[in-house]
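# Chain and residue survey
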Amino acid sequence: QVQLVESGGGLVQPGGSLRLSCQASGFTFSTAAMYWYRQAPGKERERVASIYNTGRPNYADSVKGRFTISRDNAKSTVYLQMNSLKPEDTAVYYCYSITPSTSRWGQGTQVTVSS
């Protein structure tokens, strides 16, 4: 079945870095558009970054220049490299996939930026 499993979250100090991973299975990863979303307590879920099957990335203005999304089709994995983290980046980060036939959310991974 279609499954997305995120990893790499944790506690980091302001200015630090984390790399999130999302391992996909159950569908043809190379055809999928992949997204990272985040949801902070009391706020709506927001799109952070996306990468299409062509490899073209897009970013929310709030993370441009700090976050980088990438994908490894051979490993069916999408990554989110997060640098210069700020307390306002604290949220649960979710991976999301869309193909012509299906869409799926991962379970989320917590990122906490605090000193």
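That block above? That's the structure.
Attention in this report is confined to the structure presented alongside it. (Residues numbered from 1 in each chain as written. Predicted model: local features only at pLDDT ≥ 70, side-chain atom pairs only at ≥ 80, totals over all residues. Heavy atoms only, no water.)

### Some details on the nonpolar core
Applied cut-off: The nonpolar core is taken to be a set of buried Ala, Val, Leu, Ile, Met, Phe, Trp, Tyr and Cys residues, with the residues joined through side-chain atoms within 4.5 Å. Whether a residue is buried, partly exposed or exposed follows from its accessible area with a 1.4 Å probe, protein chains only, as a fraction of its type maximum: under 20%, in between, or over 50%, in that order. Helical segments are the DSSP runs of H or I of at least four residues, strand segments are the runs of E of at least two, and each set is numbered from the N terminus.
The biggest cluster of nonpolar side chains holds 29 residues, and the ones touching the most others in it are Met 34, Trp 36, Val 78, Leu 80, Met 82 and Tyr 93. Looking at this core, the elements that each hand over two or more residues are β3 (18-25), β4 (33-39), β5 (46-51), β7 (67-72), β8 (77-82), β9 (91-98) and β11 (109-113). Ranked by the residues each element gives to this core, the list is headed by β3, at four residues.

### A short note on the packing of aromatic side chains
The condition is simple: The criterion for an aromatic pair is that two Phe, Tyr or Trp rings (for Trp, the six-membered ring) have centres within 6.5 Å, with stacked assigned to planes under 30 degrees apart, edge-to-face to planes over 60 apart and tilted to the rest.
Applying the stated criterion across every chain yields a total of eight aromatic pairs. Considering the side-chain rings of Tyr 35 and Tyr 52, the 6.4 Å spacing of their centres and the 90° angle between planes classify their relative orientation as edge-to-face. Here Tyr 35, found in strand β4, pairs with Tyr 52, found in the loop between β5 and β6 (57-59); they are 17 residues apart in sequence, far enough to count as distant. Among the residues examined, Tyr 35 registers a relative accessible area of 8% and is labelled buried. Residues Tyr 94 and Trp 105 carry aromatic rings whose centres are separated by 6.3 Å and whose planes lie at 90° to one another, so their mutual orientation is edge-to-face. Of this pair, Tyr 94 sits in strand β9 while Trp 105 sits in strand β10 (residues 103-105); the two residues are 11 residues apart in sequence, bridging distant segments of the chain.

### Focus: the pairing of β11
To keep things clear, this is the line we draw: What makes two strands pair is DSSP finding at least two bridges between them.
Every second residue of β11 is oriented toward a common face, the buried set being Thr 109, Val 111 and Val 113 and the non-buried set Gln 110 and Thr 112. With three bridges connecting them, strand β2 (residues 10-12) and β11 associate as parallel partners. Its bridge partner being in β11, Leu 11 is matched across the sheet by Thr 112. The pairing of β9 with β11 spans three bridges and is classified as antiparallel. Bridging across to β11, Val 92 finds its partner in Gln 110.

### Observations regarding the pattern of salt bridges
A side chain of one charge can pair with a side chain of the opposite charge if their charged atoms are brought near each other. Quick reminder of the rule: Salt bridge, as used here, is a side-chain nitrogen of Lys or Arg placed within 4 Å of a carboxyl oxygen of Asp or Glu.
Counting across every chain of the model gives four salt bridges. In this structure, Asp 89 and Arg 38 form a salt bridge, with 2.9 Å as the shortest nitrogen-oxygen distance. Placement of the pair is Asp 89 in the loop between β8 and β9 and Arg 38 in strand β4, with a sequence separation of 51 residues. You can call Asp 89 buried: its relative accessible area is 0%. Bridged by salt links that share partners, the residues Arg 38, Glu 46, Arg 66 and Asp 89 form one connected network.

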